[in-house]
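Fold and geometry: a report
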Amino acid sequence: MKRIFLAIATCVVLGSCSKDFLNQSDPNALSVSDYFATENDVLLAVNGIYEALRSSNCIGENSGLFYEERSDNTGRNDNQSNSGEPFQFNDFSLLPSNTYLKSHWAAMYETISRANVVLSNINSVTFTSSSTKLGYEAEAKYLRALMYFHLVRQWGAVPLVTKQLKTSDEVTAYTYRVADTAVYSQIIADLKDVLDSPLPDFQTDANIGRVSKAAANGLLGQVYLTMSQTIEDGQSSQHLQDAKTYLEACYNMRKFGVLSEIAYTDVFSVAKKSTCPELIMQIVYKQGDATYSSSIAANNQAAGETVNSQKTSTGVGGNVTGDLVDDYEDGDLRKTFSIRYANAANVKDYFITKFRDTTDAAGVNGYGGNDWILMRYADIILMLAEVNNDLGNTTAAIGYLDQVRARAGMPDYETSSQDANYVAKYPTLKLAILHERRIELAFENHRMYDLLRAFTASGLVTYFQSKDQSRFGNAKLSNISTKDKYYPIPYDEYKLNPTGMYQNEGY
């Protein structure tokens, strides 16, 4: 039996597809040696990498199970459906045999495999312009780096594959976990190549959703910020300086002055998703299309409600923990837009309303046009607040924090610091920034990563177990332990090579 990631690595995921950026057909129709003949073949193969991102098992719009539900933002009370496997995530009772976790692992390595196939075969094609070739290489490297960044934060040491694997011997040779520092080195190398490429600062029109230099700067800044807090390599101070450099480079590329120039609701407007200057990187969905539309608005809607979609819902929708509801400050416009209480007898709880498409184009089937936002400027600004605070630049950190609070209609940090309730909940600037990231970026799959940066493994246990259990429903906060810094290696991976694919501690 072939291992999950290596079985994927040997398949031909070229997306011999239509010219539409979103529409991909049978990826196995041709062998690799026959496929790469023209520039357009390479373009379609690159499109196939983007297509892989869309899956809810990867990082697409419905992937919150692996991110939000692993944090304190969302969860579920149903511990019976699908053998109770989804409930394991927010209950901190995750088993290595969890099939959802295995699918998540496999989906990210499939995306990496597609990138590796492009990069391993692009030199066999003659290009009329070297910049076109370099651009495609840069896109493939960014998407590969993005996947490895998710993998290394979720599992720590993981297999590192940077070429197409063609033989069983190659498969075997790459079946082992590589130190997280080596994975980060590859991520950094790939992203620096993107910055040296001819890609534009931002993509426009039909190319929205493709990689840009602004996206590369933002991601590289986040990589260095994460390393400064989570990697023990003796270079924390240098990583912070590097994080500041690349985050500022991204920030200085912006096409607006301050964040309050952009309405919070505009960020999530289907009508403005191609023009909103806050958006840096997004996964594109196609309104009205049964296959390539967005379903997040309809999926989050609770029974008896119509705010998200024209599609009728009978379930509880996107559940919000009471802990997050309690964390919104009075008067915060983001609460009004992002969550709502559903009064239906089978709900009686808050649900997510941040993603909406009630247009006739989406219709009663809920074929929405929402794009899934991977990176936006409020995220960059709050990371700049975080990195400046870590470097001791308190004034600059507060300035960035206040930009986000001003857009939300909240008092500035100095004023809020005079409020006893605010100070009691967020006694340090670090915790105030962490709170702001939670509220600003709720349901966008950032929260668990933010917590892993903010706390050590033992600190995270203390943080969760200090919370009010009653605000988390059936999920037991007492289950969390230091093992939950990482996911378990999927059981099928571990059992085939217990030495090379050794299990994370505690599982």
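Summarised in this report is the structure supplied together with it. (Residues numbered from 1 in each chain as written. Predicted model: local features only at pLDDT ≥ 70, side-chain atom pairs only at ≥ 80, totals over all residues. Heavy atoms only, no water.)

**Let's talk about the side chain of His150**
Rule in force here: Strands are runs of DSSP state E lasting at least two residues, helices are runs of H or I lasting at least four, and both sets are numbered from the N terminus onward. Residue exposure (1.4 Å probe, protein chains only): buried if accessible area is under 20% of the type maximum, exposed if over 50%, otherwise partly exposed. Pairing of N or O atoms within 3.5 Å defines a polar contact, subject to two protein rules: one partner must be a possible hydrogen donor and the other a possible acceptor, and residues neighboring in sequence count only if both atoms are side-chain atoms.
Topologically, His150 is positioned in helix H6 (residues 130-155). His150 gets classed as buried once you look at its relative accessible area, which sits at 10%. Within the structure, His150 has its side chain in polar contact with the side chain of Tyr67 (distance 3.4 Å).

**Re the pairing of strand S2 (residues 339-342)**
Just so we agree on the cut-off: Should DSSP find at least two bridges between two strands, the strands are taken to pair.
Two elements, S2 and strand S3 (residues 349-352), share 4 bridges in a ladder whose sense is antiparallel. Looking across to S3, one finds that Tyr341 is bridged to Tyr350.

**Observations regarding the packing of helix H10 (residues 236-252) against helix H15 (residues 377-390)**
The following threshold applies: To get an axis, fit a line to the C-alpha atoms, keeping to the stretch in contact for a helix; angles then go from 0 to 180 degrees between the N-to-C directions. Just so you know how the angles are binned, under 35 degrees is roughly parallel, over 145 roughly antiparallel, 65 to 115 roughly perpendicular, and the rest oblique. Here a crossing is called left-handed whenever its near helix is offset anticlockwise from the far helix by less than a right angle, and right-handed whenever the offset is clockwise. Contacts between residues were defined by any pair of non-hydrogen atoms, one from each residue, lying within 4.5 Å. Ten residues, namely Ala, Val, Leu, Ile, Met, Phe, Trp, Tyr, Cys and Pro, are considered nonpolar, four, namely Asp, Glu, Lys and Arg, are considered charged, and the remaining ones, Gly among them, are considered polar.
At a minimum axis separation of 10 Å, H10 and H15 run at an interaxial angle of 150 degrees. Classified by the interaxial angle, the pair formed by H10 and H15 is roughly antiparallel. Read as a crossing pair, H10 and H15 show a hand that is left-handed. On H15, the residues that touch Leu240, Ala243, Lys244, Leu247, Glu248, Cys250 and Tyr251 of H10 are Tyr377, Ile380, Ile381, Met383, Leu384, Val387, Asn388 and Asp390. Classifying every residue of the contact of H10 with H15 gives 11 nonpolar, 1 polar and 3 charged.

**Details of H15**
Put simply, the rule is: Expected helix span is computed as 1.5 Å times (number of residues minus one).
The terminal C-alpha atoms of H15 lie 20 Å apart, and with 14 residues this matches the ideal 20 Å at 1.5 Å per residue to within 8%. Counting buried residues in H15 gives 13 out of 14 residues, a clear majority hidden from the surface. One or two steps after H15, the chain reaches Gly392, where phi turns positive at roughly 90 degrees.

**Here we look at the packing of aromatic side chains**
The description of two aromatic rings rests on the distance between their centres and on the angle between their planes. This is how the line gets drawn: Aromatic rings from Phe, Tyr and Trp, with only the six-membered ring used for Trp, were paired whenever their centres fell within 6.5 Å, and each pair was classed as stacked if the ring planes differed by under 30 degrees, edge-to-face if by over 60, and tilted otherwise. Charges are assigned to positions over rings by a cutoff of 6 Å between ring centre and Lys NZ or Arg CZ, combined with an angular limit of 35 degrees from the ring normal.
Here the structure, examined in full by the defined rule, presents 24 aromatic pairs. Centre to centre, the rings of Tyr251 and Tyr400 are 5.6 Å apart; their planes meet at 85 degrees, and the pair counts as edge-to-face. In this pair, Tyr251 is assigned in helix H10 and Tyr400 in helix H16 (residues 394-407), connecting sequence segments 149 residues apart. Each member of the pair, Tyr251 as well as Tyr400, is classed as buried. Aromatic rings pair up to connect Phe66, Phe89, Trp105, Tyr109, Tyr148, Trp155 and Tyr487 into one cluster. The lysine or arginine in question, Arg153, covers the ring of Phe149, its NZ or CZ lying 3.5 Å from the ring centre.

**Comments concerning unusual backbone geometry**
Located in the positive-phi region is Asp205, a residue other than glycine, with phi close to 50 degrees. Note on placement: Asp205 falls in the loop between helix H8 (180-195) and helix H9 (213-230). If you check the backbone angles, Asn445 has positive phi at about 70 degrees while not being a glycine. Within the element layout of this structure, Asn445 appears in the loop between helix H19 (429-440) and helix H20 (447-454). Given the relative accessible area of 10%, Asn445 is considered buried.

**What to know about the nonpolar core**
For the record, the criterion: Here, nonpolar core refers to any group of buried Ala, Val, Leu, Ile, Met, Phe, Trp, Tyr and Cys residues whose side-chain atoms link them within 4.5 Å.
Residues Tyr142, Tyr148, Ile187 and Ile380 are the most contacted members of the largest nonpolar core, which totals 137 residues. Looking at which element gives the most residues to this core, the answer is H6, with 13 residues. What Tyr148 contacts, discounting residues up to four positions off in sequence, is Tyr109, Ile112, Val158, Pro159, Leu160, Val161, Val183 and Ile187. Formed by 6 residues, the second largest nonpolar core is a distinct cluster that contains Ala302, Ala303, Ala342 and Phe351.

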